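Given next are the chains, with one letter for each unit.
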Amino acid sequence: MVKLENKLKTEKINIGVLGGTFDPAHKGHLEISKQAKKRFNLKNVIWAITKQNPFKNESKSNLRSRIKFAKKIIGKKDYIKLKFFEEKIGSNKTIDLIKHLTKEKKNEIYFIMGADNLINFHKWHKWKSIVKKCNILVFDRQGYKAKSLKSVTFNRANNKSLTFVNFNKVNISSSQLRKV
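All residue numbers refer to position in the chain's written sequence, counted from 1. Per-residue local features of the predicted model are confined to residues with pLDDT of at least 70, and side-chain atom pairs are confined, for both listing and counting, to 80 or more; whole-chain, interface and lining totals are unaffected and use all residues. Each side-chain value is derived from all of the structure's non-hydrogen atoms; neither hydrogens nor water enter the calculation.

Per an unreviewed UniProt entry, the recorded name for the protein chain is Probable nicotinate-nucleotide adenylyltransferase, and the organism is Pelagibacter ubique. Recorded in UniProt for the protein chain, the comment headed Catalytic activity (unreviewed entry) runs: "nicotinate beta-D-ribonucleotide + ATP + H(+) = deamido-NAD(+) + diphosphate". UniProt positions are given in the numbering used here, feature names are shortened, and annotations may be inferred rather than shown by experiment. The protein chain has a UniProt comment under Function (unreviewed entry) that states "Catalyzes the reversible adenylation of nicotinate mononucleotide (NaMN) to nicotinic acid adenine dinucleotide (NaAD)."

Trainee: Hey, could you run me through the sheet that holds strand 4 (residues 107-114) in this one?
Mentor: Hydrogen bonding along the main chain pairs the strands of a sheet, whether they run parallel or antiparallel. A sheet is described by the order of its strands in space; here six strands give the open sequence 3-2-1-4-5-6, paired in parallel fashion. Looking at which strands have only one partner, the edges of the open sheet turn out to be strand 3 (80-83) and strand 6 (162-165). With direction set aside, neighbouring strand axes in the sheet form an average angle of 25°. Two strands pair when backbone bridges link them, and strand 4 and strand 5 (residues 135-139) are joined in this way by five bridges, in the parallel orientation. Paired with M113 across the bridge in strand 5 is V138. Helix-sheet contacts for helix 2 (residues 27-39) involve strand 1 (13-20), strand 2 (44-49), strand 3, strand 4, strand 5 and strand 6, and the interaxial angle to strand 2 is about 145°. Each pair of strands is called paired provided DSSP finds at least two bridges between the two strands. Helix and strand assignments come from DSSP, with helices taken as H or I runs of at least 4 residues and strands as E runs of at least 2, each series counted from the N terminus. Axis definition: a line fitted to C-alpha atoms, limited for helices to the stretch in contact. Angles are taken between N-to-C directions and run from 0 to 180 degrees. Any two residues whose heavy atoms approach within 4.5 Å are treated as being in contact.

Trainee: Can you help me understand the packing of aromatic side chains in this one?
Mentor: A pair of Phe, Tyr and Trp rings is counted when the ring centres sit within 6.5 Å of each other, with Trp represented by its six-membered ring. The angle between the planes then sorts it: under 30 degrees is stacked, over 60 is edge-to-face, the rest tilted. Evaluation of the coordinates by the stated rule reveals six aromatic pairs. With 4.9 Å between their ring centres and 15° between their planes, F22 and W47 make a pair best called stacked. Of this pair, F22 sits in the loop between strand 1 and helix 2 while W47 sits in strand 2, placing them 25 residues apart in sequence. Taking relative accessible area as the criterion, W47 reaches 0% and is therefore assigned buried. Taken together, the ring pairs connect F111, F121, W124 and W127 into an aromatic cluster. Note on geometry: a ring has a charge over it if NZ (lysine) or CZ (arginine) is within 6 Å of the ring centre and within 35 degrees of the ring normal. When the ring centre of Y79 is taken as origin, the NZ or CZ atom of K37, which lies over that ring, is 5.6 Å away. Whether a residue is buried, partly exposed or exposed follows from its accessible area with a 1.4 Å probe, protein chains only, as a fraction of its type maximum: under 20%, in between, or over 50%, in that order.

Trainee: Looking at this structure, I do not really get the environment of K12. What am I missing?
Mentor: Checked against the element boundaries, K12 lands in the loop between helix 1 (2-10) and strand 1. Taking the C-alpha atoms as reference points, K12 and N107, separated by 95 residues in sequence, lie 5.6 Å from one another. Two N or O atoms form a polar contact when they lie within 3.5 Å of each other; inside protein one atom must be a possible hydrogen donor and the other a possible acceptor, and for residues adjacent in sequence the pair counts only when both atoms belong to side chains. One polar contact links the side chain of K12 to the main-chain carbonyl oxygen of K105, over a distance of 2.7 Å.

Trainee: Looking at this structure, I do not really get unusual backbone geometry. What am I missing?
Mentor: Peptide bonds are trans in most cases, and residues, glycine excluded, mostly fall at negative phi. Residue D23 is joined to P24 through a cis peptide bond whose omega torsion reads 0°. Structurally, P24 is set in the loop between strand 1 and helix 2. You will see that F22, though not glycine, has its phi angle at about 50°, which is positive. Since its relative accessible area comes to 3%, F22 is described here as buried. Unusually for a residue other than glycine, N41 sits at a positive phi of about 55°. For N41, a relative accessible area of 60% gives the class exposed.

Here you go:
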């Protein structure tokens, strides 16, 4: 009985993190969140919304509007938690978010991204530390598979920490929606 109690105390809680500006949030974000939860036994998926992606032009929509719309898209999917961490942790860097979330030793982090982000992931601040501190789930995106599989990160990361996920893609992107 004692061994069982000790095991329960050290059991990890799998948490997914999908970061981005969510400008706007869409059904593609929902689908990869659902797939990640199901396939990797995640307790929940945090949509970590950021004011500004350092690799993109300034967002046309303000943060408050994007949060409101993302909450609408999430609806009653209570396994998805929308969070804005930047003020709390004093940073918009992914590595700082991962460090914050892993302060709770029981948390096992699964960082979720699209294949398009993997292509330039080696340019992210302390990308090697991100790969060491969490599991990276890369979801295939239309037209990005070949480039992402040739990326610096894919070829240098430990296969145990990076998983390329094939699934029935939702052919949509925030960039496409902003053009409409």
